[in-house]
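# Breakdown of the fold
Now for the letters of each chain:
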Amino acid sequence: MVTLYGIKLGVHLMTNQFGNIVAKVCESLLRRGPLTLQLIVRFTELTPQQVKSSLLILIQHNCVTAFKLSLSSNKMV
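A brief report on the enclosed structure follows.

What counts as what
- Residues numbered from 1 in each chain as written.
- Predicted model: local features only at pLDDT ≥ 70, side-chain atom pairs only at ≥ 80, totals over all residues.
- Heavy atoms only, no water.
- Helix = DSSP H or I, 4+ residues; strand = E, 2+ residues; numbered from the N terminus.
- Buried < 20%, exposed > 50% of the residue type's maximum accessible area, 1.4 Å probe, protein only.
- Contact = heavy atoms within 4.5 Å.
- Areas by Shrake-Rupley, 256 points an atom, 1.4 Å probe, with all protein chains shown as cover.
- Axes fitted to C-alpha atoms, helices over the stretch in contact; angles between N-to-C directions.
- Parallel < 35°, antiparallel > 145°, perpendicular 65-115°, else oblique.
- Nonpolar A, V, L, I, M, F, W, Y, C, P; charged D, E, K, R; others polar.

As a further point, take the overall build of the chain. From N to C terminus, the chain includes four helices and zero strands. Listing each helix as α and each strand as β along the chain from the N terminus yields α-α-α-α. Here the chain holds 77 residues, and 25% of them are scored as buried. Sequence separation of 24 or more characterises 42% of the internal contacts of the chain that already satisfy a separation of 6 or more. Put simply, the chain shows about 6100 Å² of open surface, and 59% of that area lies on carbon and sulfur atoms.

Where helix α2 (residues 20–32) meets helix α4 (residues 48–60), the axes come as close as 9 Å, and the angle between the chain directions of the two elements is 80 degrees. Between α2 and α4, the crossing angle belongs to the class labelled roughly perpendicular. Between α2 and α4, the residues in contact are Ile-21, Val-22, Val-25, Cys-26 and Leu-29 and Gln-50, Val-51, Ser-54, Leu-55, Ile-57 and Leu-58, respectively. For the contact of α2 with α4, the class distribution of residues is nine nonpolar, two polar and no charged.

What follows is the structure, given as structure tokens:
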């Protein structure tokens, strides 16, 4: 888990390097952990296009990693 000061430092660095919108997306991910695109839009109150652009910047700079969850239909007995 990221400490409060770690989150503040990360948000400050993102704001200086990429601007407020990218920093807002990054802060949401730091505070809540892995989120879907829809949840990031809801929590940040940004448009889907702003969130997508921000995520692209974060991915290109290796700040976040994109992944896909595979939902298995196999039930454990």
